[in-house]
Amino acid sequence: MGTEDNPRGLESVFPSPITMDAIRNMNRRELSAAEKSSPYSKYYHRELAEIPISDIELVNAGPVASSRATSIHDRNDLMKPGYLEVETGYAVMEDGSGFAATLVEMPDVTPAMLDWWFNWHPLEGLRYAIWCPTAHTDISVKDPAKHLDRSGISLEERNYGCTHYPVEGFDLDGAMKISIEFFSPEKFGLDMRMFKEPGISRAYCANVNLFALDNLPLGVFFHAVREKGGGIEYRSRYWMGYTMAEGKPSRVDLPIPMLDLARNNCLHSLIEYNNLASFLPQLHQEMGGRIDDPDAFEFSS
């Protein structure tokens, strides 16, 4: 896993140029006997979903100029109509921080399905692993009961203020425990006057910390969701070398090659969100849209 001077798995992971064959040939962990018997283990063994070749080409073209990237201080721009100059790409910013952006089309996915996903998957390791089998190994949450239907909290707001503890990397060799601290849009410092459907249906915002390294702040993400043509657009921004507190970003120094980290983050986002889009509608239907205790559900065929 490395040390704070050179955390393992955050340096360059993906070959350059990257190809779908290289991504699909990445290692996966062996499932336990109990996991193999799960009705959703079938999603773990599926071939990873195709990433549009146009996005692969954008990554292979190298980093974009920092002047074209969206600063964390301009995060509200993601809620404006239309598109920003860089929707898929990565960069090192003028202050030395990292930036990554992805746009993933998700046909037949609804905002409510995403709310369900962000509350359903952190309750069991296999649920997290099916999302990205080549990078995700396990997960836990600070307060599991809050994510259940019996919590009485609306599905959209149930994940606000929650902390997830995934074990993941950009590949399995670099997997380590991290913490993801989710915010409501307001506590993330978004301008709520701009937050309205159909412009923005959901905003998933969080700090990401390296729990295995004394909870070292790693970065911040903002996923802006808007409905489009029978599905949604999932537009993500990652700012590495920042953390959020009281709705304001603060710069933190990281002992990590920032260009490698930004490229890794861009590719990982493309892998996991295209893969999620490929099975979420079916999985949501099979689970009946419910969130019960992991050992107390009935599978809907």
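Reference entry: report on the structure contained in this document. (Residues numbered from 1 in each chain as written. Predicted model: local features only at pLDDT ≥ 70, side-chain atom pairs only at ≥ 80, totals over all residues. Heavy atoms only, no water.)

Attention now goes to the overall build of the chain. Regarding its fold elements, the chain presents 7 helices and 13 strands. Expected size for 301 residues packed as a compact globule is a radius of gyration near 19 Å; at 18 Å, the chain falls within 12% of this value. Considered along the principal axes of its C-alpha atoms, the chain spans approximately 50 × 45 × 40 Å. In the chain, of all internal contacts separated by at least 6 residues, the share reaching a separation of at least 24 is 68%. Roughly 12500 Å² of accessible area belongs to the chain as shown, and the carbon and sulfur atoms make up 50% of that amount. Here the chain carries 28 positive and 44 negative side-chain charges, and the mean point of each set is 3 Å from the other. (Helix = DSSP H or I, 4+ residues; strand = E, 2+ residues; numbered from the N terminus. Rg over C-alpha atoms; globule rule 2.2 N^0.38 Å. Contact = heavy atoms within 4.5 Å. Areas by Shrake-Rupley, 256 points an atom, 1.4 Å probe, with all protein chains shown as cover. Lys, Arg positive; Asp, Glu negative; His and termini not counted. Charge placed at Lys NZ, Arg CZ, Asp CG, Glu CD.)

Between helix 5 (residues 111–120) and helix 7 (residues 258–286), whose axes approach to 11 Å, the crossing angle comes to 100°. Here helix 5 is positioned roughly perpendicular relative to helix 7, judged by the angle of their axes. Contacts from Met113, Leu114, Trp116, Trp117, Phe118 and Trp120 in helix 5 reach Tyr273, Leu276, Phe279, Leu280, Pro281, Leu283 and His284 in helix 7. Split into classes, the residues belonging to the contact of helix 5 with helix 7 amount to 12 nonpolar, 1 polar and no charged. (Axes fitted to C-alpha atoms, helices over the stretch in contact; angles between N-to-C directions. Parallel < 35°, antiparallel > 145°, perpendicular 65-115°, else oblique. Nonpolar A, V, L, I, M, F, W, Y, C, P; charged D, E, K, R; others polar.)

Along the chain, the position of Arg237 falls in strand 11 (residues 231–240). Between the C-alpha atom of Arg237 and that of Leu103, which follows or precedes it by 134 residues, the distance is 9.1 Å. Setting aside its immediate chain neighbours within four residues, Arg237 contacts Thr70, Leu78, Leu84, Val86, Glu87, Phe99, Ala100, Ala101, Thr102, Val220, Phe221 and Phe222. Engagement of the side chain of Arg237 in a polar contact is seen with the backbone oxygen of Val86, the distance being 3.2 Å. (Polar contact = N/O pair within 3.5 Å; in protein donor to acceptor, adjacent residues only side chain to side chain.)

By convention here, two paired aromatic rings are described through the distance between centres and the angle between planes. The final tally for this structure, using the stated rule, is 17 aromatic pairs. With 5.1 Å between their ring centres and 70° between their planes, Tyr40 and Trp120 make a pair best called edge-to-face. Of the two residues, Tyr40 sits in the loop between helix 2 (33–36) and helix 3 (42–45) while Trp120 sits in helix 5, which places them 80 residues apart along the sequence. Residue classification places Tyr40 among the buried positions, given a relative accessible area of 1%. Taken together, a centroid distance of 5.7 Å and an interplanar angle of 85° make the contact between Tyr128 and Trp131 edge-to-face. With Tyr128 and Trp131 both in helix 6 (residues 125–131) and 3 residues apart, the pair spans about one turn of that helix. (Phe/Tyr/Trp six-rings, centres within 6.5 Å; stacked < 30°, edge-to-face > 60°. Buried < 20%, exposed > 50% of the residue type's maximum accessible area, 1.4 Å probe, protein only.)

Inspection of the entire model under this criterion finds 20 salt bridges. One salt bridge connects Glu50 with Arg24, and the closest N-O pair in it is separated by 2.9 Å. Within this pair, whereas Glu50 is found in the loop between helix 3 and helix 4 (53–60), its partner Arg24 is found in helix 1 (residues 20–24), the two being separated by 26 residues in sequence. Glu50 sits in the partly exposed class, given a relative accessible area of 49%. Taken together, the shared-partner salt bridges in this structure form one network comprising Glu105, Arg226, Lys228 and Glu233. (Salt bridge = Lys/Arg side-chain N within 4 Å of Asp/Glu carboxyl O.)

Using the criterion set out here, one finds 0 disulfides in the structure. Residue Cys132 stays outside any disulfide, its sulfur separated by 14 Å from that of Cys266, the closest cysteine. Cys205 takes part in no disulfide bond, and the closest cysteine sulfur, belonging to Cys162, lies 14 Å away. (Disulfide = S-S within 2.5 Å.)

With that settled, the discussion passes to unusual backbone geometry. With an omega of 0°, the peptide bond running from Ser16 to Pro17 counts as cis. Here Pro17 shows up in the loop between strand 2 (6–7) and helix 1. Here Asp214, not a glycine, exhibits a phi torsion of approximately 60°, which is positive. For Asp214, a relative accessible area of 68% gives the class exposed. The phi angle at Glu246 is positive, at roughly 55°, despite the residue not being glycine.

For helix 4, the complete set of buried residues consists of Asp55, Ile56 and Val59. Seen end-on, helix 4 carries its buried residues on one side only, within an arc spanning 105°. With its phi angle positive at about 95°, Gly62 sits one or two positions after the end of helix 4. (Arc of directions from axis to C-beta.)

Buried residues dominate strand 10 (residues 216–228), accounting for 10 of its 13 residues. Bridge analysis of strand 9 (residues 202–210) against strand 10 gives 9 bridges, and the strand direction is antiparallel. Looking at strand 10, one finds that Arg202 is bridged to Val225. In this antiparallel pair of consecutive strands, strand 9 and strand 10, the connection spans 5 residues, and Asp214 shows a positive phi of 60°. Judged from the 10 bridges that link them, strand 10 and strand 11 form a sheet pairing that is antiparallel. Looking across to strand 11, one finds that Glu227 is bridged to Ile232. Counted between consecutive antiparallel strands, the loop separating strand 10 from strand 11 contains 2 residues, among which Gly229 sits at a positive phi close to 50°. (Pairing = 2+ DSSP bridges.)

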